[in-house]
2 protein chains.
Amino acid sequence: MKDVAAAAGVALKTVSRVVNDEPGVNPATAERVVAAIAQLGYRRNESARVLRRGRTATIGLVIEDVADPFYSGMSRAVEDVALRHGSLVLSGSSGEDPLRERELVLTFCARRVDGLIIVPAGTDHDYLLPELDAGIAAVFADRPGGLEADTVICDNAGGAHAGVAHLIRHGHRRIAFLGDSASIFTASERLRGYRRALAEAGLPANESLIAMGPADRAGAALCAMLAAADPPTAVFTGNGRITVAALRTGHRPALVGFDDFELADVLTPGVTVVAQAPDGLGRTAAEMLFRRMSGEPGPAERIQLPTRLIPRGSGEIPPP
Amino acid sequence: MKDVAAAAGVALKTVSRVVNDEPGVNPATAERVVAAIAQLGYRRNESARVLRRGRTATIGLVIEDVADPFYSGMSRAVEDVALRHGSLVLSGSSGEDPLRERELVLTFCARRVDGLIIVPAGTDHDYLLPELDAGIAAVFADRPGGLEADTVICDNAGGAHAGVAHLIRHGHRRIAFLGDSASIFTASERLRGYRRALAEAGLPANESLIAMGPADRAGAALCAMLAAADPPTAVFTGNGRITVAALRTGHRPALVGFDDFELADVLTPGVTVVAQAPDGLGRTAAEMLFRRMSGEPGPAERIQLPTRLIPRGSGEIPPP
DNA sequence: GGACCGGATGACAACGTTGTCCAGGGGCCC
DNA sequence: GGGCCCCTGGACAACGTTGTCATCCGGTCC
């Protein structure tokens, strides 16, 4: 910028004014500056700008794994909203590890991001308090975090309830639930919806038909259930990865899965799912974050997004 | 930092030394400083550090679309390599728009990223030259860019050749090619492999069996071909999205697709694919970038990754 | 004609960090 | 005991930008 000023024969500050479209610069002078900028290939140093102004025009996004289609869809939505607000996105995958989540968040804070969107891996977020006090906005997405802050989640219990009720409506009375580890909020909420649907239909909750754990063990769990003396006639799977694991077993009981996924309609039969919109989640969380960043006051909000049951065949198979 | 120095009763510079693990600080003094840091909840301001040192410990990643599983897999691999090198990743989706690509790259450069990994949307990268001169390292991934720079791509022509030869070996003589727009490097390379395989088998290249264009039109193109007087008995699809579009038509000719995808093995029949490893691509590109960033000299390299044919059933269907 | 005003421009400090250089003090060697 | 060096710590400038305030000039109003 110094060089540009010299080349245009003006003061540093005048160049700064031109670069920032500040008023009060003679058009002729501005033109000279613009020419000098073009000739020297000058580009503003954002680090210095950030240092001076305190705003980075960057938000941090901590998700579980970018490679998971659910989170990559969400990422894209966040990115789009950030773009509209002139911000960039620093993102990182926590891999469901609370320590890694914390490390990522603190690194982002050291970079002075203006705001954070976090898919919490852990439940303790006290480490965030000093940052929030320091004025960094934060929104929890997909799951609630360990403190009062804006949160965007989907209707996990309601969605699971709808899916299980759908199976019950088609005549099933022995419905298995394959869910993620019970310690994960979404998993326990969905289990709650499952139990409520059974209870409302007056069906007994049979614990041997419930398996919670990582997706890579869901297939084995399903096989074991189906091989047991009194096998389930239908299965409700608690997330997209588990649905896929269940499909991969080769067994084809009646099935409704939480989360839509590509090719669900191409399989035979098509896979009935309870769909939540990852892009809606990302967009809503990002928009709320930018509202907070622009100073919107008020207590922490908790937004719940609806789910949608999409019948495609697998959930309409009657019991044998 | 000033406050920390005051609290610990030492000079600014001493705090800096402690924070950066520089030698030459009395352990007792250091401990006092550490205590003051903890008490005040101090965290280093990275912006100022970047401004002073010139290195941001950040790399920029420009891909086509994070929501595409291929690119999200690649993203994750880049992120992991960056993590190992203590760097963060700024990423953005170009959406196959050269202008947006350029804008993203220049924004990243203004943020003074240390290096760039770019999946080129356009073919003209002259805008990068000043940045390269300024010392920013850049690696093109998935496709070559419009200038001499390190490049990591997969063996597109060879992979397509292998896939088509596989169909020929199973007796097919009328094989359609559904590819992305011919202006996209990977698409034209794969088409080249297709033509070479036909030529080597002494088969005529029938232009009416070749359709190039965006994935959302591939389904209609396939239907049209199959409805024609002399339909193809097999199809080679030029990327994952097109494979899915073809499957969605409901027609099930013999098929080999470029790119592996989740559930390819669950469909009936399983979908035979030519797999390239998105994570290998990301990892290789990132590792090369970090080598360059650490000063490795030498001319621009071009690394080509192999592909792998995975027979699953759809590619082994004989002609009717 | 002088006071005043507003637009255009510039000088300067400050943001928070780190690199460079210097100073003081204590130990060691001759 | 003097000279020297090492260890520790501090003062200061610089990174590139922007906010604040001052200056200057031409024009306007009374």
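Criteria and thresholds
- Residues numbered from 1 in each chain as written.
- Chains lettered and ligands numbered in written order.
- Predicted model: local features only at pLDDT ≥ 70, side-chain atom pairs only at ≥ 80, totals over all residues.
- Heavy atoms only, no water.
- Phe/Tyr/Trp six-rings, centres within 6.5 Å; stacked < 30°, edge-to-face > 60°.
- Helix = DSSP H or I, 4+ residues; strand = E, 2+ residues; numbered from the N terminus.
- Buried < 20%, exposed > 50% of the residue type's maximum accessible area, 1.4 Å probe, protein only.
- Lys NZ or Arg CZ within 6 Å of the ring centre and 35° of its normal.
- Near = heavy atom within 4 Å.
- Polar contact = N/O pair within 3.5 Å; in protein donor to acceptor, adjacent residues only side chain to side chain.
- Nonpolar A, V, L, I, M, F, W, Y, C, P; charged D, E, K, R; others polar.
- Least-squares fit on C-alpha atoms with pLDDT ≥ 70 in both.
- Contact = heavy atoms within 4.5 Å.
- Pairing = 2+ DSSP bridges.
- Axes fitted to C-alpha atoms, helices over the stretch in contact; angles between N-to-C directions.

Looking at an unreviewed UniProt entry, one finds chain A named LacI family transcriptional regulator and attributed to Planobispora siamensis.

Peer 1: Would you mind going over the packing of aromatic side chains with me for this structure?
Peer 2: Two numbers describe a pair of aromatic rings. These are the distance of the centres and the angle of the planes. Enumeration over the complete set of coordinates arrives at six aromatic pairs over all chains. Taken together, a centroid distance of 5.0 Å and an interplanar angle of 45° make the contact between Phe177(B) and Tyr194(B) tilted. Pair noted here: Phe177(B) is in strand 6 (residues 175-179) and Tyr194(B) is in helix 9 (residues 185-200), with a separation of 17 residues, a long-range link. Each member of the pair, Phe177(B) together with Tyr194(B), is buried. Aromatic pair Phe177(B) and Phe236(B): ring centres 6.0 Å apart, planes at 20°, arrangement stacked. Residue Phe177(B) is found in strand 6, and its partner Phe236(B) is found in strand 8 (residues 234-237); the two are separated by 59 residues along the sequence. Pair check on accessibility: Phe177(B) and Phe236(B) agree, each one buried. Its end group placed over the ring of Phe258(A), Arg190(A) keeps NZ or CZ at 3.8 Å from the ring centre.

Peer 1: Can you walk me through the protein's contact with DNA strand C in this structure?
Peer 2: Taken together, 26 residues form the shell around DNA strand C, and within it Thr14(A), Arg17(A), Thr29(A), Met1(B) and Tyr42(B) come nearest. Taking all atoms of DNA strand C within 4 Å of the protein, the share assigned to sugar and phosphate is 62%. With respect to DNA strand C, the side chain of Arg17(A) contributes an N or O atom lying 2.7 Å from a base nitrogen. At 2.6 Å, a side-chain N or O of Tyr42(B) approaches a phosphate oxygen of DNA strand C. Of all the elements in the fold, those that place two or more residues in the surface near DNA strand C are helix 2 (12-19) and helix 4 (46-53) of chain A together with helix 2 (12-19) and helix 4 (46-53) of chain B. Looking at the surface near DNA strand C element by element, the count peaks at five residues for helix 4 of chain B. Its residues assigned to classes, the surface near DNA strand C shows nine nonpolar, eight polar and nine charged.

Peer 1: Help me out: how do you make sense of the relation of the copies chain A and chain B in this one?
Peer 2: Note that the two copies of the chain are related through a rotation about an axis and a translation along the same axis. In screw terms, the move from chain A to chain B is a rotation of 180° and a rise of 0.1 Å along the axis, fitting with an RMSD of 0.1 Å. The superposition of one copy onto the other is thereby described by a two-fold rotation axis. Take the interface residues of chain A: 100% of them recur as interface residues in chain B, which is what a same-surface contact looks like.

Peer 1: Even after reading the chapter, I still don't get the sheet that holds strand 10 (residues 272-275) of chain B, so can you show me in this structure?
Peer 2: Hydrogen bonds along the backbone pair up the strands of a sheet, which may run parallel or antiparallel. Residue and element names in this part refer to chain B. Sheet architecture is open: six strands sit in the order 7-6-8-9-10-12, paired in mixed fashion. Each of the sheet's edge strands pairs with one partner strand only, and the pair in question is strand 7 (210-212) and strand 12 (308-310). On average, each strand axis in the sheet is inclined to that of its neighbour by 15°, with strand direction left out of account. As defined by bridge partners, strand 6 adjoins strand 7 across three bridges and the pair is classed as parallel. Looking at strand 7, one finds that Leu178 is bridged to Ala211. Each of strand 6, strand 8, strand 9 (254-258), strand 10 and strand 12 touches helix 8 (residues 156-169); the most contacted strand, strand 9, lies at about 170° to it. Strands strand 6, strand 7 and strand 8 of the sheet are contacted by helix 10 (residues 215-227), whose axis makes an angle of about 160° with strand 6.

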